[in-house]
Amino acid sequence: MIKRTRTSARSQLPDREAALERYSMRANVYDGELALFEPLRQEAISRLQLRKGESVLDVGCGTGLSFEPLKALVGEQGTIVGIEQCPQMLAKARERIQAHGWEGITLLSEAADEAHLRGQADAAIFHFTHDILRQPEAIANVMRHLKPGARVVATGLQWAAPWVWPVNLFVWGAAMYSVTTMDGLDKPWSVLATFLHGTEVRATWMGSIFIATGTWSGRGPDA
Ligand SMILES: C[S@@+](CC[C@H](N)C(=O)[O-])C[C@H]1O[C@@H](n2cnc3c(N)ncnc32)[C@H](O)[C@@H]1O
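Residues numbered from 1 in each chain as written. Predicted model: local features only at pLDDT ≥ 70, side-chain atom pairs only at ≥ 80, totals over all residues. Heavy atoms only, no water.

Caption draft 1: Region of the structure containing the side chain of R41. With respect to the helices, strands and loops of the structure, R41 is situated in helix α3 (residues 38-46). A distance of 2.6 Å separates the side chain of R41 from the side chain of E38, its partner in a polar contact. In contact with R41, other than residues within four places in its own chain, are L34, L65, S66, P69 and H127. (Helix = DSSP H or I, 4+ residues; strand = E, 2+ residues; numbered from the N terminus. Polar contact = N/O pair within 3.5 Å; in protein donor to acceptor, adjacent residues only side chain to side chain. Contact = heavy atoms within 4.5 Å.)

The following block contains the structure:
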């Protein structure tokens, strides 16, 4: 049973219980809510430059909306590991896999910092996973299971410039709905970047969305 806790997005650290509660309630409607953002998913995934037979970690995979475009690139021999802490979201991901009859997709029903990953993947995607991006232990766990030089992409909400305050109203509303900490919304990729080489960040949607890419340095933060 999910313990009722505060669901405010004002704490500095991500609130696991609040996130579980929030996404357990959203699981049935989540795919529809994300429809507007789907072109961003395509762009993020294309930046991973995946090839047939490669392996990719989908961190905070939710209902598995990235599986189809990822599978199209890695092919039948390629593998995907979806990491997701919310059982209701993961159940939707499982249904999606069964409906498509996909092979080679493993689901881990665990928080990203505790996930029992095996081996080392070629790439990782963090698509709209602000809470995870604010947890260095979660990022470190993922990086330990990437090959040095692995491609990494992260996307999500960020504060736009202060003078475009109507855009920031959108960011505020969307963040209150989907993340449990506002911490780091000015540079959500900042912790991830300490693990990567050559981080490049593109802002889109009038500055309210970022797409960050880089490669795993293989040597820990700021190596
Ligand atoms: C906005 S959804 C994004 C889902 C998916 N990446 C997508 O693109 O549709 C954020 C997801 O991250 C999951 N999540 C949040 N914190 C997590 C954590 N620490 N470990 C694993 N999953 C987490 C939530 O349960 C939710 O499914």
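Caption draft 2: Expanded view of the sheet that holds strand β6 (residues 196-204). Pairing within the open sheet is mixed, and its seven strands lie in the order β3-β2-β1-β4-β5-β7-β6. The strands lining the two open edges of the sheet, one partner per strand, are β3 (105-108) and β6. Across the sheet, the mean angle from the axis of one strand to that of its neighbour is 15°, orientation sign disregarded. Note: β6 against strand β7 (residues 209-216), seven bridges, orientation antiparallel. In the sheet register, L196 faces β7, and the bridge partner there is W216. Running over the sheet, α3 touches β4 (121-127), β5 (146-157), β6 and β7 and is turned about 155° from β4. (Pairing = 2+ DSSP bridges. Axes fitted to C-alpha atoms, helices over the stretch in contact; angles between N-to-C directions.)

Caption draft 3: Inspection of the packing of aromatic side chains at higher detail. Taken as a whole, this structure holds six aromatic pairs when the rule is applied. Between F37 and W205, the ring centres sit 4.9 Å apart and the planes meet at 15°, which makes this aromatic pair stacked. On the criterion of sequence distance, the pair formed by F37 in the loop between α2 (30-33) and α3 and W205 in the loop between β6 and β7 is long-range, its members being 168 residues apart. Among the residues examined, W205 registers a relative accessible area of 32% and is labelled partly exposed. Through pairs of rings, three or more aromatic residues link up here, namely F37, F128, F170 and W205. (Phe/Tyr/Trp six-rings, centres within 6.5 Å; stacked < 30°, edge-to-face > 60°. Buried < 20%, exposed > 50% of the residue type's maximum accessible area, 1.4 Å probe, protein only.)

Caption draft 4: Layout of empty space enclosed by the protein. In total, this model carries one cavity of 30 Å³ or more according to the counting rule given. Quantified by volume, the largest cavity comes out at close to 40 Å³. In terms of lining residues, the largest cavity is bounded by H130, L133, G156, L157, V179, L185, P188 and F210. Contributing elements (two or more residues each) for the lining of the largest cavity: α6 (130-133) and β5. Along the lines of polarity and charge, the residues of the lining of the largest cavity split into six nonpolar, two polar and no charged. (1 Å grid on protein atoms, 1.4 Å probe; cavity = no way out; pocket = protein on both sides within 12 Å on 5 of 7 lines; lining within 4 Å. Points joined across faces, edges and corners; volume = space filled by probe spheres on them. Nonpolar A, V, L, I, M, F, W, Y, C, P; charged D, E, K, R; others polar.)

Caption draft 5: Representation of the nonpolar core within the structure. One finds L48, V56, F67, L70 and L107 to be the most contacted residues of the largest nonpolar core, which totals 38 residues. It is helix α5 (residues 87-100) that provides the largest number of residues to this core, a total of four residues. One finds V81, A121, V152 and L192 within the second-largest nonpolar core, a separate group that totals 30 residues. (Core = buried A, V, L, I, M, F, W, Y, C linked by side-chain atoms within 4.5 Å.)

Caption draft 6: Fine view of the site of the ligand. Around the ligand lies a shell of 17 residues, among which Y30, R41, G60, E84 and H127 are the nearest. In the model, an oxygen atom of the ligand is placed 2.8 Å from a nitrogen or oxygen of the R41 side chain. Between the ligand and H127, the relevant distance is 2.8 Å, taken from a nitrogen atom to a main-chain nitrogen or oxygen of the residue. Burial of the ligand by the surrounding chains reaches 96%, relative to a free accessible area of 600 Å². At a threshold of 2 Å from the grid points, most atoms of the ligand map onto the largest pocket. Its residues assigned to classes, the shell around the ligand comprises nine nonpolar, five polar and three charged. (Near = heavy atom within 4 Å. Areas by Shrake-Rupley, 256 points an atom, 1.4 Å probe, with all protein chains shown as cover. Sits in = over half its atoms within 2 Å of the grid points.)

Caption draft 7: Expanded view of the side chain of Q158. Position of Q158 among the secondary structure elements: in the loop between β5 and α8 (165-178). Judged by relative accessible area, Q158 falls into the buried class, the value being 6%. A polar contact is formed between the side chain of Q158 and the backbone oxygen of G207, at a distance of 2.9 Å.

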